[in-house]
Amino acid sequence: MVRKALARFWAILASLQVTIVALALLMALVVLCTLAQTDLGTLGAVNTYMRSWLVWRHLKGLGFPLPLFPGGALVGLVLVVNLFAALVRRFEPGGRRLGLWVVHAGLVLLVAGEFISGVFQVDARMAIEQGQTVNYLEDYHQMELAVSDVTDPSAKVEYGIPDALLKKGGPVALPGTPLTLNVKRFYPNAQLAPLGAGDPPALADMGVGAGVKITEIPPVTSDQDTNATSALVEPLAGGRSYGTWLVSTVLGAPQTFIHEGRTYSLAMRPRRYNLPYALTLKKFSHDVYAGTQIPKNFSSLVHLSNPAKGEERDVLIYMNQPLRYDGKAFYQASFGKGDTLSILQVVTNPGWMLPYISCTVITLGLLAHFAITLFNALKRRQALQEAS
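Undergrad: Please explain the pairing of strand β10 (residues 230-237) as it appears in this structure.
TA: Looking down a regular strand, the side chains alternate between one sheet face and the other. The buried count for β10 comes to seven of eight residues, which makes it a mostly enclosed element. Bridging between strand β7 (residues 180-187) and β10 involves seven bridges; their strand directions are antiparallel. Bridging from a neighbouring strand, Arg185 pairs with Leu232 of β10. Where β10 and strand β12 (residues 245-248) come together, four bridges link them in antiparallel fashion. Looking at β12, one finds that Ala231 is bridged to Val247. As paired elements, β10 and strand β11 (residues 240-241) share two bridges and run antiparallel to each other. Considered in β11, the bridge of Leu236 is made with Ser241. Linking β10 back to β11 in an antiparallel pair, the connection comprises two residues, with Gly238 at a positive phi of about 60 degrees.

So this is what it looks like as structure tokens:
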């Protein structure tokens, strides 16, 4: 009885019907994700529909969300299991179905590649002005509170506290320093305004925040807008409090305080990833079609310097021609400041080759299947001719 039930379950799992349902759900998710970009933005829509196990929604009258649709991760997993089960179930000795096995393996690899990209891919940016040298990336989807020891500008030491830690609140010790930051409140997005007559006292009592009214507002969803991520923090050191400070991405300059002769600065900024090498922008070019303002090409001539590897060379980055280096791809994304600022989109994706490999495997599998089918057909034809 149990064996029959398992055999039936295995047959259903490997059936063509499951494949069709999974593909139909993926098509529906693509449509829903495309429509949702208006409200959620590109990244928000992709995370909600394509890289989630379930699509959750709040319904009127309920104080909690409900799962209304399977997410892309769940549908993709079912499709991978279905393809693998079909491959195993229909396995036959010999080479008659070799091409189909290879095609199924390529499809499994293709879906697995998206899983790897969804989990491990990191998107960041490098904004670099002409003549400037930069050795870090910035992730505008995540923020951090930078605490810097700026006593000696030539030997500046920075500590980054990610927003995921700020959200938890409470004390955060900075290793290697006497400082502890007590995070009193974190705002994913806030509206800052000068204190007016009749307003309650400011929540901060030090720095520019002492004259600022802060109001929490919903996070933005448009790709063109950015959150004014803010926090109220209290530096503690040597049993002493240095007051409550307001830090925000919309405040123009870092704020400083002094402890035992050392000067520390506080600033909220996009999360940074330091690099063991540096890029210097030598020239940015913005080409347009003759007689128009229609962009033809953007390109950045950069100098790559990696002293640890003894590497010094110039590289031209332009549209559809990224610099691939150290597991990262540097794409030409945008520009500004009168064509003196270049913005590079930097993608770290350990599975970036998998789509190319899987498409190659699928193509080889189809060619093998067609070749085997043609060979068998010609063989049968020859046999019929000999028999007649």
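Undergrad: Could you clarify how one ought to interpret the pattern of salt bridges in this entry?
TA: Side-chain pairing between opposite charges can occur once the charged atoms of the two side chains come close. Going through the model one piece at a time under the given rule, you end up with 12 salt bridges. Of the charged contacts in the structure, one is a salt bridge between Arg262 and Asp149, with a shortest N-O distance of 2.9 Å. Placement of Arg262 in strand β14 (residues 262-288) and of Asp149 in strand β4 (residues 133-149) is noted, with a sequence separation of 113 residues between them. With relative accessibility at 38%, the residue Arg262 sits in the partly exposed group. Across the salt bridge formed by Asp199 and Lys213, the nearest N and O atoms sit 3.9 Å from each other. Remark: Lys213 occurs in strand β9 (residues 212-216) and Asp199 occurs in the loop between β8 (190-194) and β9; sequence separation between them is 14 residues. According to the relative accessible area criterion, Asp199 is partly exposed, its value standing at 31%.

About the cut-offs
- Every chain is numbered on its own, with residues counted from 1 as its sequence reads.
- This being a predicted model, a pLDDT of at least 70 is required before a residue's local features are given, and a value of 80 or more before pairs of side-chain atoms are given or counted; all residues contribute to the totals for chains, interfaces and linings.
- For side-chain calculations, the full set of non-hydrogen atoms in the structure is used, while hydrogens and water are omitted.
- With a 1.4 Å probe rolled over the protein chains alone, any residue whose accessible area is under 20% of its type maximum counts as buried; one over 50% counts as exposed, and the rest are partly exposed.
- Runs of H or I in DSSP of at least four residues are treated as helices and runs of E of at least two as strands, each being numbered from the N terminus.
- We treat two strands as partners when DSSP finds at least two bridges between them.
- Here, a salt bridge means any Lys or Arg side-chain nitrogen found within 4 Å of an Asp or Glu carboxyl oxygen.

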